[in-house]
Amino acid sequence: MTDTRFDPSSADGRWQRAWSEAGTFTADSSSSKPKSFILEMFPYPSGRIHMGHVRNYTMGDVLARYKKMRGHEVLHPMGWDAFGMPAENAAMEKKVHPGSWTRANIEAMKAQLQRIGFALDWTREFATCDPEYYGHEQSLFIDMYEAGLVYRRSSEVNWDPVDMTVLANEQVIDGKGWRSGAEVEKRKLDQWFLKITDFAGELLDGLGELKDWPEKVRLMQENWIGKSTGLEFSFELSNGDKLPVYSTRPDTIFGASFCAVAADHPLVQQVGASDPAAASFIEECKRGGTTAAELETAEKLGFDTGVTAKHPFTGEPLPVFIANFVLMDYGTGAVMGVPGHDQRDFEFATKYKLPIARVVASDVSEADAPLDGEAATGDGVIVNSDFLNGMSVEDAKAEVNFRAEADGWGEGTTVWRLRDWGVSRQRYWGTPIPFIHCDACGVVPVPKGQLPVTLPEDVDFETPGNPLERHPTWSKTACPKCGGDARRETDTLDTFTNSSWYFLRFASQPVDAPFDAEEVAKWMPVEHYIGGIEHAILHLLYARFWTRALKHIGKIDVAEPFAALFTQGMVTHETYGKRENYTRKSSVDGRDVEVSEWTWLSPDEVNRTSEGATLKASGEPVEVGRVVKMSKSKKNVVDPDGIIDEYGADAVRWFMLSDSPPERDLPWSEAGIEGCGRFVQRLWRLFESLDPAASGEDKALARKAHQAIVAVAEDIEALSFNKAVARIYELTGAAEKAAPSESRNFAIRTILHLVSPMMPHLAEEIWSRQNESGLIADAAWPAHDPAMLVEDEVTIAVQHKGKLRDTLTAPKGAAKEDLEALALASEKVQRSLDGAEIRKVIVVPDRLVNIVT
RNA sequence: GCGGGUGUGGCGGAAUGGUAGACGCCGGGGACUUAAAAUCCCCUGAUCUUUUGAUCGUGCGGGUUCGAGUCCCGCCACCCGCACCA
């Protein structure tokens, strides 16, 4: 009956089947229990599950299982973010259809996930490349179009002239196509856009309600949306034109000493055309670096156009420069330069010897105080500014705005950094945009009854270009309006649209609609959403936008999709490598060339000891590099499958939860997983040592168990899995050492429940061996006795001169005087006092006594 | 440059302003064994000390406090993000 070892290779699969057959994790939306929707960001089916996925899904799994134990009806689904470029790349490289490549990957990865024993509701599984899914997406897209949230306009793309395809920014390397190596061109194409800017204000304000999102992510989104308020007004130019500018500091308008426009500003094109010096300056501006750090440190450069602008209040002529620090795509592409109170303007004015005036000072009496080497960007009172003098910055802004609007030369405006979302992709493997182009009727949505517009199966990846466009028949159709010959839209939707509403489809999946609003209302918002920080902006902002847009058009009644967001750290590993030096003949002139080559080595090829690392094959020493995110390029990846074969799913799950706080990186180590494997067996022995016949009380151990019930629950709810793990270790150690008793049996059963969300296979195996009925996955979280949480004896620290001198044991709640007397009675304390006069004694009940001399 | 985060033993990390280093890993010693594995026990921040113990110690420098890893001020280093945003 008693086995000495837990055998995951037989138990894991057995319990996974038991859960599946019993439908243990199938979510029931008609349940009257409180609902919990636990969601991890669904994976792209690249081919293999990696450790990052395992960590992500283990965290969600513990939460899901815990919530279930707490009496919640839990929805914990899984699916596949299955459209995307890698499938098309595979099609080109391996000559497989993107669909079959993707399907095969899904099958393999699903099997991997199932081996880890996740409590997932597989009945709701779908892939975004299923026509049932993307057909509903098409219908939602048409709804948005009809609500005025979708429009078309011409926009620039990266065009690869050899592959005849549009490239994503990350596919452009040094200005060349990543595959063809051809010089990339800019091309204008008519593209589809979603009006996310209509929701800029809502998306910004909504962040304030997301209390359970990381501050960091909220800030990133806030900056991305980028709200600013100011005045847009026009200067009259000496050449008769008007120059609209935007300023957030209209209060400093009397400090303006120049205007500056972007190199690609329309005004510049006239000047550049007639002046070769201007033309070459414009060229230079366009060549400049684009990273933030480069831009910040780059020298401010300008070119005087010779045109002047008339100051709206003073009538002074201000020179108009072309400047490299002004961006065409923000505001109006032109600014007024106020060098006294803007650092960039200050640097610029210093270089080109333009007047630098103070118009804001800390006090009226400081009006003539010189600016010491930099712009004064702080708050203060307006000076040297005619009718604004003496006003606060705030009042002066309002006053200038008022006068500009009253006199009709300007307007208070809000400017957003957020741009509309371009969703057109000239690719095959995505959701076809459900529109038809008719020469007579223009752009017409596909009638909903004809959805889904499915992708053709017979496609050709041999010739360059968009396969949908080249397909001989697919795009040919009849206009739904006039019935005449028409052409289907051949662009597909950005894959971010697929992940912008998938959680709604998880919550509810009727056949004839994207979702059912009532069903959605039962589950949404997602209670815990867990994933990587890399999605802090785009995915999370787009999903928030879709949710708000769908609410706006009356499809759902929830504004924010994710009540709480958790961004987990990466799984990292040491890197190994060696440098090889050799000589080879140069291919150019045949001479010997010294070559030094760095080779990364995989952990499988290396023997790692505490002294260092050596190559398994030859025993030569290997360099141990930095601990970094697991990646194929550095070869520091560990495949979950091999680890599960060796240690079982529970050991891997335990490792994922141990040691590192979940938001930080988790360093994978062989020693660490071995330790987890040993702990699984240690628990097994402890559970097997349960003696049903034991009697007697062990109050200290029972108390520890009750305390652990409370503490582990708190830790799981705070997602502090590493702390929960430490508590379980502690209780385990205490139970192991204790003599048999009823209390010990209680402690052991408690541990079994506490670890069951983390090590579900071991827990089920023990549960059944103890002849308990049903599955422990269906059991409740153990109840605790509040009376048992309180200690009746406490340890009191005694300090003197700020240092610990002794510790004493005292009954809980002992009087201050008693503690003081007890402390002074201590021999160690007396030795430290050494007869010194006691000036004060601080007593913190149940904690410490501090003697001041 | 700006914004955010982090900094505690050999390592991952604990610690409502109240015993710094819980818990795990590594390492050392021992028991069991013919032997090994497995398991169990003990030690494990540094320095000094025979023991007892003492002193130092949470990136650096100040401060508040009876008492600071924790609060305040000023720095440093590393990591992440970014948009010269008018």
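Residues numbered from 1 in each chain as written. Chains lettered and ligands numbered in written order. Predicted model: local features only at pLDDT ≥ 70, side-chain atom pairs only at ≥ 80, totals over all residues. Heavy atoms only, no water.

Considerations on the sheet that holds strand S19 (residues 431–432)
Convention followed: Two strands form a pair only when DSSP identifies at least two bridges running between them. To qualify as a helix, a DSSP run of H or I must reach at least 4 residues; to qualify as a strand, a run of E must reach at least 2; elements of each kind are numbered from the N terminus.
The strand order S18-S24-S19 describes an open sheet built from three strands, whose pairing is antiparallel. The open sheet is flanked by strand S18 (424–425) and S19, the only strands paired with a single partner. In this sheet, strand S24 (residues 492–493) lies alongside S19 in antiparallel orientation, the contact comprising two bridges. Opposite threonine 431, over in S24, you have leucine 493 as the bridge partner.

Section: the pattern of salt bridges
For clarity, the cut-off: When a carboxyl oxygen of Asp or Glu lies within 4 Å of a side-chain nitrogen of Lys or Arg, that pair is called a salt bridge. Each residue's exposure class comes from its accessible area (1.4 Å probe, protein chains only) as a fraction of the maximum for that residue type: buried when under 20%, exposed when over 50%, partly exposed otherwise.
All told, the structure shown has 40 salt bridges when counted by the stated rule. We note a salt bridge from aspartate 251 to arginine 249, for which the minimum N-O separation is 3.0 Å. Look at aspartate 251 and you get buried, because its relative accessible area is 0%. With a closest N to O distance of 3.1 Å, arginine 727 and aspartate 715 form a salt bridge. A residue pair is termed long-range when its members are at least 10 positions apart, and arginine 727 in helix H22 (residues 721–737) and aspartate 715 in helix H21 (residues 699–717) qualify at 12 residues.

Points about the protein's contact with RNA strand B
Our working definition: The criterion for a residue being near a molecule or strand is simple. One of its heavy atoms has to lie within 4 Å of it. Distance and chemistry together define a polar contact, namely a pair of N or O atoms within 3.5 Å, with one atom able to donate a hydrogen and the other to accept it when in protein, and with adjacent residues in sequence counting only for side-chain atoms on both sides.
Taken together, 49 residues sit near RNA strand B, with Asn223, Ser247, Thr248, Tyr330 and Asn850 positioned nearest. If you look at RNA strand B and keep only atoms within 4 Å of the protein, 58% of those are sugar or phosphate atoms. Here serine 247 contributes a side-chain N or O atom positioned 3.2 Å from a sugar or linking oxygen of RNA strand B. Here a base nitrogen of RNA strand B and a backbone polar atom of asparagine 324 are 3.4 Å apart. Counting residues per element, the surface near RNA strand B draws most heavily on H22, at five residues.

Looking at the pairing of strand S28 (residues 592–601)
Put simply, side chains in a regular strand alternate between the two faces of the sheet. Note: strand S27 (residues 571–585) against S28, 10 bridges, orientation antiparallel. Across the sheet, residue asparagine 581 finds its bridge partner in S28, namely serine 596. Linking S27 to S28, which pair antiparallel, is a turn of six residues; within it glycine 590 sits at a positive phi near 75°.

Looking at the packing of helix H2 (residues 51–69) against H21
To keep things clear, this is the line we draw: Only the contacting stretch of a helix is used when fitting its axis, a line to C-alpha atoms as for every element, and angles between N-to-C directions run 0 to 180 degrees. For classification purposes, angles smaller than 35 degrees are called roughly parallel, those larger than 145 roughly antiparallel, those between 65 and 115 roughly perpendicular, and all remaining angles oblique. Helix crossings fall into two classes, left-handed where the near helix is turned counterclockwise from the far one by less than a right angle and right-handed where it is turned clockwise. Residues are treated as being in contact if the distance between any of their heavy atoms lies within 4.5 Å.
Where H2 contacts H21, the two axes come as close as 10 Å, and the packing angle between them is 130°. When the axis of H2 is compared with that of H21, the two are oblique. For the element pair H2 and H21, the recorded crossing hand is left-handed. Taking contact as the criterion, the partners of Val62, Leu63 and Tyr66 in H2 are, on H21, Ala713, Ile716 and Glu717.

A closer look at helix H20 (residues 670–688)
The following threshold applies: Expected helix span is given by 1.5 Å per residue-to-residue step, counting one fewer step than there are residues.
With 19 residues, H20 extends 27 Å from end C-alpha to end C-alpha; this agrees with the ideal 27 Å at 1.5 Å per step. Residues of H20 that are buried: Ile673, Cys676, Gly677, Phe679, Val680, Gln681, Leu683, Trp684, Leu686 and Phe687. Buried-residue contacts for H20 involve helix H18 (640–647), helix H19 (649–657), H22, helix H23 (742–755) and helix H24 (760–769).

Some thoughts on the sheet that holds strand S35 (residues 840–844)
Ordered in space as S34-S33-S36-S35, the four strands form an open sheet in which the pairing is mixed. A strand with exactly one partner marks an edge of an open sheet, and here the two such strands are strand S34 (803–811) and S35. Pairs of neighbouring strands in the sheet enclose a mean axial angle of 20°, with direction left out of account. The sheet contact formed by S35 and strand S36 (residues 848–852) spans five bridges and is antiparallel. What sits directly across from valine 841, in S36, is isoleucine 851. Here helix H25 (residues 816–824) sits on the sheet in contact with strand S33 (793–800), S34, S35 and S36, set at roughly 125° to S34.

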